[in-house]
Amino acid sequence: MPEEIEKPEPKRKPSTVPRWARVCVIAGAILMVVSGGLIVTSQALLARYEGAVTTEDLFGEGTEVEAKSDIKGPLNILLVGIDPREETQQPLADSIMIMHIPAGLDRGYLFSLPRDLLVDIPPFPKTGFDGRRDKLNAAMAFGSKVPSGKVPDRAKGFELLSNTVSGYTGIKRFDAGAIVNFNGFKKIVDAMGGVTMTVDQDVVYSEHLKPDGTHRPNDGSGDEHPYYGPQAKYTKGTHKFKGWQALDYVRQRYSVKGGDYGRQRHQQQFVKAMAQQALSKDVITDLPKLDRVIRAAGESLVFNGRGHSVTEFAFALKGMRQDSITMVKLTGRTIYKSGGGYAGEELNADAKQFFAAVRGDTVDAFMAGHPEFVNK
């Protein structure tokens, strides 16, 4: 019987994803998850991104802050999305997210706080605010207050919001922070050629936009629902959304099951979908498209790394991947006034256990024992 000849292993096809694109993950996927989960590609593109990002004093430490040490985990990063209609309008924090990154810096847990969460907003002498119990999103407005007619100070607004979130969660210090302008989301999504999302209920109607993406007229009544006319709608199933569609979909709560908690779920889904799209071969192997995405993300972002730059965070978090981000679901209930009117939201008691795990960097163990906290 003739001796069997061992066939050589077939040569592997080289990956179509450049190694530098797979190895380095930009802080957009972690620090600025909300702005698209972009990747560090080359020194030139990274410099272009960092040059587009605005840096402001978000923690009230001054502009010249020296880093005390290298970036080490665990990290807690505060991400705030704002949707300013006019430049002189005080910003409200429409989306408040925290990214907890364990000591290994190779995975993250992203969770949202309801914008209508009833909290104690501490005094803020910088704007003459005396402190009061109110909805969480109001902290940014109280902190950014300036004399009439001037542009609100969003950095001071972020500072008061950060203080408020720290007081509520017990997270004493955030290692970095970012403000993302929701209008910039449209540019990022359109630069990527759209984003694929799955609508998880039969239909979601838009409170704000018509089917063509233009604004629905306002009857001027001042009612809770002052808009009228045809509505854009998003039907159950998987769709590739344009920028305005994606942004509109994740803003809705009145026609969404679970109200504000449902909206938080959709925002988290959107964040993950953007990260997946930004890390796809369709984007990272198309350098002109990648450059457009990077610039759009940079222009949408205000960042503060407490002495560390976007570049430094990008390389510190190079082990992160879009599928290493776990979305965390915090549940709660609606609070009503004595007369029956809507007052705000309150998280369930088990949220305190989760916050304790964040403070102690034991989230891995907590999530293993509480699988219901995973937002699937």
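What counts and what doesn't
- Residues numbered from 1 in each chain as written.
- Predicted model: local features only at pLDDT ≥ 70, side-chain atom pairs only at ≥ 80, totals over all residues.
- Heavy atoms only, no water.
- Helix = DSSP H or I, 4+ residues; strand = E, 2+ residues; numbered from the N terminus.
- Buried < 20%, exposed > 50% of the residue type's maximum accessible area, 1.4 Å probe, protein only.
- Contact = heavy atoms within 4.5 Å.
- Areas by Shrake-Rupley, 256 points an atom, 1.4 Å probe, with all protein chains shown as cover.
- Phe/Tyr/Trp six-rings, centres within 6.5 Å; stacked < 30°, edge-to-face > 60°.
- Expected span 1.5 Å × (residues − 1).
- Core = buried A, V, L, I, M, F, W, Y, C linked by side-chain atoms within 4.5 Å.
- Axes fitted to C-alpha atoms, helices over the stretch in contact; angles between N-to-C directions.
- Parallel < 35°, antiparallel > 145°, perpendicular 65-115°, else oblique.
- Nonpolar A, V, L, I, M, F, W, Y, C, P; charged D, E, K, R; others polar.
- Salt bridge = Lys/Arg side-chain N within 4 Å of Asp/Glu carboxyl O.

### A word on the overall build of the protein chain
Then step 1. Helix and strand content of the protein chain: 13 helices and 13 strands.
Then step 2. Going through the 376 residues of the protein chain one by one, you find that 49% of them count as buried.
Then step 3. When contacts within the protein chain are restricted to residue pairs at least 6 apart in sequence, long-range pairs at least 24 apart make up 67% of them.
Then step 4. For the protein chain, the computed accessible surface area is about 18,200 Å², with 49% contributed by carbon and sulfur atoms.

### Quick look at the packing of aromatic side chains
Then step 1. Overall, the coordinates contain 13 aromatic pairs when judged by the stated rule.
Then step 2. Aromatic pair F111 and F354: ring centres 4.9 Å apart, planes at 85°, arrangement edge-to-face. Here the residue F111 occupies a position in strand β4 (residues 108-113), and F354 occupies one in helix α12 (residues 350-360), the gap between them amounting to 243 residues.
Then step 3. In this structure F111 comes out as buried when scored by relative accessible area, which is 0%.
Then step 4. Here F354 falls in the buried class, since its relative accessible area comes to 0%.

### Some thoughts on helix α8 (residues 260-278)
Then step 1. With 19 residues, α8 extends 27 Å between its outermost C-alpha atoms, agreeing within 8% with the 27 Å of an ideal straight helix rising 1.5 Å per residue.
Then step 2. Of all 19 residues that make up α8, 15 are buried, and the element is covered over most of its length.

### Considerations on the nonpolar core
Then step 1. Membership of the largest hydrophobic core comes to 50 residues, with the highest contact counts inside it found for L110, V195, M197, F241, Y249, F270 and M274.
Then step 2. The biggest single contributor to this core is helix α6 (residues 182-192), with six residues.
Then step 3. Of all hydrophobic cores here, the second largest spans 42 residues; its members include I171, F174, L330 and L347.

### Some words on the packing of helix α7 (residues 243-251) against α8
Then step 1. In the contact formed by α7 and α8, the axes pass within 8 Å of each other and the chain directions differ by 150°. In terms of axis orientation, α7 runs roughly antiparallel to α8. Contact residues: A246, Y249, V250 and R251 in α7; R263, H266, Q267 and F270 in α8.
Then step 2. Grouping the constituent residues of the contact of α7 with α8 by class yields four nonpolar, two polar and two charged.

### Structural notes on the pattern of salt bridges
Then step 1. Across all of its chains, the model carries 14 salt bridges by this definition.
Then step 2. Across the pair D153 and K156 runs a salt bridge, and its minimum N-O distance is 3.1 Å.
Then step 3. Between K289 and D282 there is a salt bridge, with its nearest N and O atoms 3.0 Å apart.
Then step 4. Judged by its relative accessible area of 11%, K289 falls in the buried class.

### Here we look at the packing of α6 against helix α10 (residues 287-299)
Then step 1. Running from N to C, α6 and α10 point in directions that differ by 175°, and their axes come no closer than 8 Å. Looking at the two axes, α6 sits roughly antiparallel to α10. From α6, K187, I188, A191 and M192 reach across to α10, where they touch K289, R292, V293, A296 and A297.

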